[in-house]
Amino acid sequence: LSTSSLQLQVESALLSMGVSFRSEVITEIGYSIDIVVDKEDGGTVGIEVDGPCHFIGRYPNGNSLLKHRQLRNLEGWRLYSVPWWELREIKGSAERRRAYLSRILEHAAR
């Protein structure tokens, strides 16, 4: 498994926020999740940093849809996709990247 530069940007932002996470976690059914955040309540949240090969235009491709559906339905994962174009729009701004990820984590806490 390799870690993309986009994923490294997300991991760097999470580290600067003091968020505990694990990278490239293999699930029980054999899928890899890019980033797994360990929540304070003991739960976990999966974050998929999805580059261009995960999309057709700006729509998730079949492989990505199937993976996310199986992880949600068979293993009960809470998954959030971070599309490449959203990271590109906030490139170079660590503060905006942290704010973006904070919104994802706040949503996951609900």
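Each chain carries its own residue numbering, running from 1 in the direction its sequence is written. Only residues with pLDDT of at least 70 get local features here, since the model is predicted, and only at 80 or more are side-chain atom pairs given and counted; chain-wide, interface and lining totals rely on the full set of residues. Only hydrogens and water are removed before side-chain values are computed, so all heavy atoms of the structure are retained for them.

S.K.: Looking at this model, I keep getting lost on the overall build of the chain. Mind explaining?
M.R.: Secondary structure is summarised from DSSP: a helix means a run of H or I of at least four residues, a strand means a run of E of at least two, and numbering begins at the N terminus for each. When helices and strands are tallied, the chain shows four helices and six strands. Counting helices and strands in the order they occur from the N terminus, the chain gives α-β-β-β-β-β-α-β-α-α. Throughout, the radius of gyration refers to the C-alpha atoms, and the reference size of a globule is 2.2 Å times the residue count to the power 0.38. Since a compact globule built from 110 residues should have a radius of gyration of about 13 Å, the 13 Å found for the chain is in line with a globular shape. Residues classed as buried in the chain amount to 40% of the 110 residues present. Should any heavy atoms of two residues lie within 4.5 Å, those residues are considered in contact. At a minimum sequence separation of 6, the contacts of the chain that also span at least 24 residues come to 52%. When a residue's accessible area, from a 1.4 Å probe over protein chains only, is under 20% of the maximum for its type it is buried; when over 50% it is exposed; and in between it is partly exposed.

S.K.: It is not clear to me how the side chain of serine 32 should be interpreted in this structure. Could you clarify?
M.R.: Turning to its location among the elements, serine 32 is positioned in strand β2 (residues 32-38). What makes serine 32 buried here is its relative accessible area of 12%. A polar side-chain atom of serine 32 sits 2.9 Å from a polar atom in the side chain of glutamate 24. By the criterion applied in these results, polar contacts are pairs of N or O atoms within 3.5 Å in which, for protein atoms, one can donate a hydrogen and the other can accept it, and in which residues neighboring in sequence qualify only through two side-chain atoms.

S.K.: Would you take a moment to explain the sheet that holds strand β6 (residues 79-83) for this structure?
M.R.: Think of a sheet as strands paired side by side through backbone hydrogen bonds, with each pair either parallel or antiparallel. If DSSP finds at least two bridges between two strands, the strands pair. Read across the open sheet, the four strands follow the order β1-β2-β3-β6; overall the sheet is mixed. Across the chains shown, the open sheet's two edge strands, defined by having one partner strand only, are β1 (21-26) and β6. Pairs of neighbouring strands in the sheet enclose a mean axial angle of 35°, with direction left out of account. Sheet topology note: the strand β3 (residues 44-50)/β6 ladder contains five bridges and is parallel. In the sheet register, isoleucine 47 faces β6, and the bridge partner there is tyrosine 80. For every element, the axis is a line fit to its C-alpha atoms; helices are fit only across the contacting stretch, and the angle between N-to-C directions ranges from 0 to 180 degrees. Relative to the sheet, helix α2 (residues 62-75) contacts β2, β3 and β6, its axis offset from that of β6 by approximately 155°. The strands touched by helix α4 (residues 94-108) within the sheet are β2, β3 and β6, with β6 carrying the most contacts at an inclination of about 160°.

S.K.: How do you make sense of α4 when you look at a structure like this?
M.R.: Note that an α-helix has 3.6 residues per turn; residues three or four places apart therefore point the same way. With 15 residues, α4 extends 21 Å between its outermost C-alpha atoms, agreeing within 8% with the 21 Å of an ideal straight helix rising 1.5 Å per residue. Every buried residue belonging to α4 is among Arg97, Tyr100, Leu101, Ile104, Leu105 and Ala108, and all of these are buried. Projected down its long axis, α4 carries its buried residues within an arc of 135°, all on one side. Turned more than 90 degrees away from the buried face of α4 sit Glu95, Arg103 and Glu106, all of them exposed. Where the residues of α4 are buried, they touch α1 (5-16), β2, β3, β6 and α3 (84-89). Helices are assigned an expected span. That span is 1.5 Å times one less than the residue count. This arc corresponds to the set of directions leading from the helix axis out to the C-beta atoms.

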